[in-house]
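Understanding the architecture of this molecule
One letter stands for each residue in the lines below.
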Amino acid sequence: MWAYVVRRLAYSLVIILGVLFLLFVLFFLVTTPDDIARKAVGEKAPPQALEQWKKNHGYDKPRFWNREHPADSMLVDHFRRMLTFDFGNSDADDTPIWRRLRSGAGPSLSLTLPLFALGLLLTIPLGLLVAFFRETYIDRMGVVLCVLAMSISTVLYIIGGQYLIARVLRWFPISGFDPSPVVIGRFLAVPVLVGLLAGVGDSVRFYRAVFVEESGRDYVRTARAKGCGEARILVHHVLRNSLVPILTQVVVVIPSLVMGSILLESFFGIPGLGSITVDAINANDFATLRTMVYLGSLLFILGQILTDVSYTLVDPRVRLE
Amino acid sequence: MKGGRGGLCAALSVLVVLGACTNNPYPDVDAGKKLLYLPFDEPPKTLDPQVAYSTIDHSVIGNVYDTLLEYDYLKRPYTLIPGLASEVPTPQPLTDGRVSYHFRLRDDLFFADDPAFALDGKGTKTRQVVAKDVAFSLARIADPEVNSPVFETLAKIDGLREFSERLKKLRAEDPAFAELRIDEQYARAGPISGVRVTGPLGLEIVLTESYPQILYWFAMPFTAPVPWEGVATYDGREGRDLFSEHPTGTGPWKLVEYDKRLRIALRRNPNWYGIRHPEWRAPGAIYPEVGESGDAAAGRLAPSAVGQALPLLEGIEFRREKESIPAFAKFLQGYYDASGIIKESFDRVIRNGELSPEMAARGMSLSKSVVPATYYLGFNMDDPVVGREGGDQSRKLREAMSLAIDSKEYTRLFTNSRGIPAESPIPPGIFGYEEDYRNPYREVDLERARTLLRDAGYPGGIDPKTGAPLKLSFDSPDTSAAALLQFQFFVDAWRKIGLDVSIAATSYNQFQDKIRRGAYQIFQWGWVADYPDPENFLFLLWTPMGRTHGGGPNTANFSDPRYDELFLQMKARGNDEKRLELIREMRGILEKERPWIELFHPESYLLTQGWLHNEKPPGLSIPTAKYLDIDTAQRAELRNAWNQPIRWPAYAAAGLTLLVILPGIFTYLRERQ
């Protein structure tokens, strides 16, 4: 298994280098160091202040290739910083990016962890329920509701949730965040509920499909023939044997939970890493944006490797070689 | 039985949660405090007063750092009053055209308590503000590493540029020098000849030329005194804060929390001179007794406020709201004390230019004020078709195009009529603005426009060289649909007189590149005043400020020797009749030459809750929170009345959920048996 993991890591390095190169090229395809500097120093700052800012932040160097000093270009700096995890300071306000990551991880996890856990607790039983009632009116109603839920934009859920729960019913604040354990739930209730609603449709459809497919296997028929109840078959046999596809869907996202949710954090004013990413895009903050993309890629790859490893834990037949 | 207990617990939990639920986003302990709640969308870029140049930056540091001078809160036109300085200095002419200003700081001024002052190892929390601190701030403006955006403007201070160059050279030549403490670096770089510390509290500023507007810069945070201890301590190394995030100021408020992605909290600074010495009755520390007409009617001269020692509030709470809709909804719930008006709710809030009955019934007030800003369409005067090269022909073309644009209709369509038509570059509230002045080329007169076009050699808008409508290009740095719709308004207006103007929308970057190369014809731009002086608008058309050749803000590249001559005379004078005459003559040149088509001066609409008192929109980016007051009892009562939760839908939803899942549970249990 370790040989497999090492091989995957080696492949991943190539992918990461590609991501970093693409990020650099795409970012500077649509913007320039002048744009970044202009955003940072303000519209009214004179050209001298702009030039000085570029010099102070290393954006005055050649972009790809420095003929006189090959190791001194923006691209080389970009790779060196990312690969050594020396993220530097934000282009927007010079805040150290590590400090920003530390401050944003907590709020992000406080949103995504309950969303993830409650999502599993809600969607797997719902998937079992509709699988249990398959080919009945409950199943058909479930399909309609799930497709409806999948068809609605997340933004609409957010705006609707804020309007209904926070404005009309006045149960919880429309937006905001307070890390104090006493009141944090007040601020997370609406985003978690909205996040659950937005994700419930496709998850339930996926789990239903998995469970129904598993229900047609021989061992299930045998269990039925032996007089085992349908509900018991689903919970004790089908669910256990469906863990591989469930893990495929679930484990891959676990490392990325720390990166937060861009939409929910933005609309609900939660100062997590998703919100930092949006701020970085709006502020032309290349230093922060590349860090977020880089970390996002690393965590996604980590999630994939963990998923592969987790197969061996739930299915003894799987061997990673 | 087990399942029954679980269900009971779940039901009780739901009841507890619903019983405790509230949409109040603030801690209960703050409920009765006189705290001003305001939203902010973009986080401040920096709280370094020598660098900060955006409105949100100034809304924080303007309250934390006091300046030597400040503006009278109520008077218009804007009037300077003493702040940290004991009086507003007058210019003293020196030899060679140089001018000096003598500032004297008030005695017994102290910085806000800060651990940075404990550098002496004696546990000191603060120290007195002295003239050297102002000199230190000016040195920071010249420091290339600080990169102050106002260095070029303030380089009129004698020796400032030379100091900057000396500092840069020393740092480049000697790495050990760059590692010295910042005050030692400045000391070794030598004095700035135009910044003379004449005593502990005395400071003389010498300018190389007459520049009366320098006083306005001493009412802006750029020149606010900062302690060297703060800059030396907060360097961002070894876990220490950055000075740009840890202000060490002299203002009425002290920063107590700075999480710019969530909350910025200010509280009264007990070291502020207004709190320590109310007996001074300093102009910047007591509520003014005199305002402009309308202030008394608006309740800004209430006896309960006039003459009161400032600040009237306990603190300010800025809360981050990235999206405007939730922010405005919270204002409607009473959780913000003031708000702008979002476009989505404009019709609900404003009816016929006034507050809607619904909002008025909630006790809200609407403050309207014209922002000292001008939006305009500009012609690139370097362009062979619309610029100076075409002589009279091009001038008449510009005049004709000016006569086709209806500013009033434009503001009605695109700004909800929030703006007044502009007749000249100078907006209301600035010396030189004359309300009864009418620019003969800023009315809509299509017949006259067609005549001018014919005289210009384009009868009916037809270019004789091609036999087709004259083709022009409107260059835009914005490719959004909303922007294109606005630009289409101008294109349609010019089409009425036969011109074929196409929109060349590019990215901001490409637009800047076009500007650098001078490859543009017509553009739209705006300028918001830094300070209330006509010089701050008329310099936008001064030859040395040309954009293409000098990188300045004169994007029209307008150049007129007589205008330049008048500008230099106008710039060097105080506000008097002669200055007004100069401005009129300059205005006449612009009226005829039409490098700009003046569009409008924007109007700011500010909604305030009924419990917020003394609010007056400042127009300029200046701090006003110390003058505001809040009726906390009224706020608590109305917030409570507006935010009673409606709980029955939760119970109904819980019941419905049970109905849905119970059949499944029963089936499972039955099968188990």
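Residues numbered from 1 in each chain as written. Chains lettered and ligands numbered in written order. Predicted model: local features only at pLDDT ≥ 70, side-chain atom pairs only at ≥ 80, totals over all residues.

In this section: the overall build of chain A. Within chain A, the secondary structure is distributed over 14 helices and zero strands. Secondary structure elements of chain A, listed N to C terminal, follow the sequence α-α-α-α-α-α-α-α-α-α-α-α-α-α. Of the contacts formed within chain A by residues at least 6 apart in sequence, a portion of 68% connects residues at least 24 apart. (Helix = DSSP H or I, 4+ residues; strand = E, 2+ residues; numbered from the N terminus. Contact = placed C-beta atoms within 7 Å.)

In many analyses, interface size is given as the accessible surface area lost on bringing the parts together. Residues and elements named next belong to chain A. Here the domain parsing of chain A yields domain 1 (2-83) and domain 2 (104-314). Residue-level contacts link 15 residues of domain 1 with 10 residues of domain 2. Counting only elements with at least two residues in the side of domain 1 that touches domain 2, the list comes to helix H1 (2-30), helix H2 (33-41) and helix H4 (74-83). Take the side of domain 1 that touches domain 2: its biggest share by element is nine residues, from H1. Partitioning the side of domain 1 that touches domain 2 into residue classes produces nine nonpolar, three polar and three charged. (Domains from an automatic or database assignment. Nonpolar A, V, L, I, M, F, W, Y, C, P; charged D, E, K, R; others polar.)

Before going further, it helps to examine the sheet that holds strand E6 (residues 195-197) of chain B. Residues and elements named next belong to chain B. Across the sheet, which stays open at both edges, the four strands sit in the order E4-E5-E7-E6 with antiparallel pairing between neighbours. In the strand order of this sheet, the two ends are held by strand E4 (92-93) and E6, each with one partner. With three bridges joining them, E6 and strand E7 (residues 202-207) adopt antiparallel strand pairing. Looking at the pairing, Val195 lines up with Ile205 of E7. Set on the sheet, helix H3 (residues 131-142) makes contact with E6 and E7; between it and E6 the angle comes to about 160°. (Pairing = 2+ DSSP bridges. Axes fitted to C-alpha atoms, helices over the stretch in contact; angles between N-to-C directions.)

The biggest cluster of nonpolar side chains holds 207 residues, and the ones touching the most others in it are Ala400, Ala404, Leu538 and Met586 of chain B. Here this core takes seven residues from H3 of chain B, the largest share from any one element. When residues are assigned to domains, this core turns out to be shared by domain 1 (2-83) and domain 2 (104-314) of chain A, each giving three or more. Those residues in contact with Ala400 of chain B that sit more than four places away from it in its chain are Ala449, Leu452, Leu453, Ala456 and Ile497 of chain B. Core analysis: the second largest hydrophobic core is formed by 15 residues, Leu129, Cys146, Val210 and Ile233 of chain A among them. (Core = buried A, V, L, I, M, F, W, Y, C linked by C-beta atoms within 7 Å. Buried ≥ 20, exposed ≤ 12 C-beta atoms within 10 Å, placed from the backbone.)

Let us now look at the interface of chain A and chain B. Listed by partner, the interface residues are 45 residues for chain A and 44 residues for chain B. Residue assignment for the side of chain A that touches chain B shows that the elements contributing at least two residues are H2, helix H3 (47-56), helix H5 (97-132), helix H7 (154-168), helix H10 (230-241) and helix H12 (262-268) of chain A. Here the side of chain A that touches chain B takes six residues from H3 of chain A, the largest share from any one element. A class-by-class count of the residues in the side of chain A that touches chain B yields 22 nonpolar, 14 polar and nine charged.

Our next topic: the confidence of the model for chain B. Residue and element names in this part refer to chain B. Taken as a whole, chain B shows an average pLDDT of 91; of its residues, 96% reach a score of 70 or greater. Below a pLDDT of 50 lies the segment residues 1-9, which in the model reaches zero contacts outside its immediate sequence neighbourhood of four places, other chains included. Scored by ipTM, the complex comes to 0.81, with pTM at 0.87. (pLDDT = per-residue confidence, 0-100.)

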